[in-house]
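Take a look at the letters that make up each chain.
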Amino acid sequence: MSSANISLIKKYLFSLSPVDLTPFVTLCIFVSVLTFMLTISIFLTTLAKFRQRLRKPLLIPSIALVSLYPLSSLAALVTLLFPKLWFTFHTVMHLSFTVGAVFFYQHCGHFIGSETSFIKETAGMAVPIKTPPCCCCCICLPGVTPTRGRFVVLRCLVYQMPFVQGSIMLVLNGIFYNDMVSNMNVYRLNTYIHMYVVGLG
């Protein structure tokens, strides 16, 4: 490939934010591409096993959960290629895991059957939390007795995440790109809202 073609490709890739293709940037892109390819390979292997071993009600939530990782890997790769769009792809990664929490909740629901049957099976007994992988970080927490009210609270907390976090990230994107276009210095406000979002998470 001629140097002119390489220059055109470089100009196209970095047209949104021209940067020098330094050795460090090249290495980052190379490692990111390898990581993405590895993630896709693992995803396809896992997908094939899911189709062989899982029943249909569990298949879709399981595929949705494991697809979060190649999606995040792709978003990270595109962020390297288009640095000015990093906040957009950060939003994609952030919201994908909030949606993943909904699928995970549904996934757990399939395993326990239903909330009512799980409450009957436990018969008012406390479910221990100090089990792997929570045994190291939840040492002081007591067991939780499943009740219908607690399931309702849990369901509300899980299902609100895509909507509330999505609304917050939409506002943050508007502030960020308005700052970029107008060259107004709202860095401190962005930092404060980032801290607020982290606190909500």
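A. Region of the structure containing the overall build of the chain. The number of helices and strands found in the chain is 8 helices and 0 strands. Starting at the N terminus and walking to the C terminus, you meet the elements of the chain as α-α-α-α-α-α-α-α. Expressed as a percentage of the 201 residues in the chain, the buried residues total 25%. The contacts of the chain with a sequence gap of at least 6 include a subset with a gap of at least 24, amounting to 66%. Entry remark: accessible area of the chain is about 13700 Å², with carbon and sulfur atoms responsible for 73%.

B. Inspection of the packing of helix 2 (residues 23-53) against helix 3 (residues 56-66) at higher detail. Close contact between helix 2 and helix 3 brings their axes to 10 Å; oriented N to C, the two are set at 170°. Of the possible angle classes, the one that applies to helix 2 and helix 3 is roughly antiparallel. Residues F43, T46, L47, F50 and R51 of helix 2 form the contact with helix 3, whose participating residues are L59, S62, I63 and V66. Here the contact of helix 2 with helix 3 is built from residues that sort into 6 nonpolar, 2 polar and 1 charged.

C. Structural detail: the packing of aromatic side chains. In total, this model carries 2 aromatic pairs according to the counting rule given. Where Y69 meets F97, the ring centres are 6.0 Å apart and the plane angle is 75°; that geometry is what we call edge-to-face. Linking Y69 in helix 4 (residues 68-81) with F97 in helix 5 (residues 86-112), this pair joins segments that are 28 residues apart in sequence. Relative accessible area serves as the criterion here: at 52%, Y69 is assigned to the exposed category. Judged by its relative accessible area of 38%, F97 is partly exposed. Consider the rings of Y105 and Y159, whose centres lie 6.0 Å apart with planes at 80°: the pair is edge-to-face. Remark: Y159 occurs in helix 7 (residues 148-182) and Y105 occurs in helix 5; sequence separation between them is 54 residues. Owing to a relative accessible area of 30%, Y159 belongs among the partly exposed residues under this scheme.

D. Fine view of the side chain of T39. Mapped onto the elements, T39 comes out in helix 2. Residues in contact with T39, not counting those within four places in the same chain, are Y69, P70 and S73.

E. Representation of the side chain of N173 in the model. Mapping N173 onto the fold places it in helix 7. Judged by relative accessible area, N173 falls into the buried class, the value being 13%. Within the structure, N173 has its side chain in polar contact with the backbone oxygen of M169 (distance 2.7 Å). Sequence-distant contacts of N173, defined by excluding residues within four places in its chain, comprise F87, T88 and T91.

F. Focus on the environment of V25. Checked against the element boundaries, V25 lands in helix 2. Separated by 56 residues in sequence, V25 and L81 have C-alpha atoms that sit 9.4 Å apart.

G. Representation of helix 5 within the structure. Between its first and last C-alpha, helix 5 extends 39 Å over 27 residues, near the 39 Å set by a 1.5 Å rise per residue. When helix 5 is considered as a whole, its buried residues turn out to be F87, F89, T91, S96, T98, G100, V102, Y105 and H107. G113 lies just past helix 5 and shows a positive phi near 90°.

About the cut-offs
- Counting starts from 1 at the beginning of each chain's written sequence and moves along it residue by residue.
- In keeping with the model being predicted, local features are shown solely for residues with a pLDDT of at least 70 and side-chain atom pairs are shown and tallied solely at 80 or more, while totals for entire chains, interfaces and linings include all residues.
- Hydrogen atoms and water are omitted, and side-chain values are computed over all heavy atoms in the structure.
- The way it works is that DSSP assigns letters per residue, a run of H or I at least four long becomes a helix, a run of E at least two long becomes a strand, and they are numbered from the N terminus.
- Buried residues are those whose accessible area, probed at 1.4 Å on protein chains only, stays under 20% of the maximum for their type, while exposed residues exceed 50% and partly exposed ones sit between those limits.
- In this analysis, two residues are considered to be in contact whenever any of their non-hydrogen atoms come within 4.5 Å of each other.
- Only the protein chains shown count as covering a residue, and every accessible area follows the Shrake-Rupley method with a 1.4 Å probe.
- Every axis corresponds to a line fitted to the C-alpha atoms, with the helix fit spanning only the stretch in contact, and the corresponding angles, defined between N-to-C directions, vary from 0 to 180 degrees.
- In this scheme, roughly parallel covers angles under 35 degrees and roughly antiparallel covers those over 145, while 65 to 115 is roughly perpendicular and the rest are oblique.
- Residues are grouped as follows: Ala, Val, Leu, Ile, Met, Phe, Trp, Tyr, Cys and Pro are nonpolar; Asp, Glu, Lys and Arg are charged; every other residue, Gly included, is polar.
- Note on aromatic pairs: the rings of Phe, Tyr and Trp (six-membered ring only in Trp) are paired at centre separations within 6.5 Å, and the planes decide the class, stacked below 30 degrees, edge-to-face beyond 60, tilted for the rest.
- Throughout this description, a polar contact denotes any pair of N or O atoms lying within 3.5 Å of each other; where both atoms belong to protein, one of them has to be capable of donating a hydrogen while the other can accept it, and for residues adjacent in sequence the pair is counted only when both atoms sit in side chains.
- Every helix has an expected span of 1.5 Å times one less than the residues it contains.

Keep in mind these values describe shape, not function.
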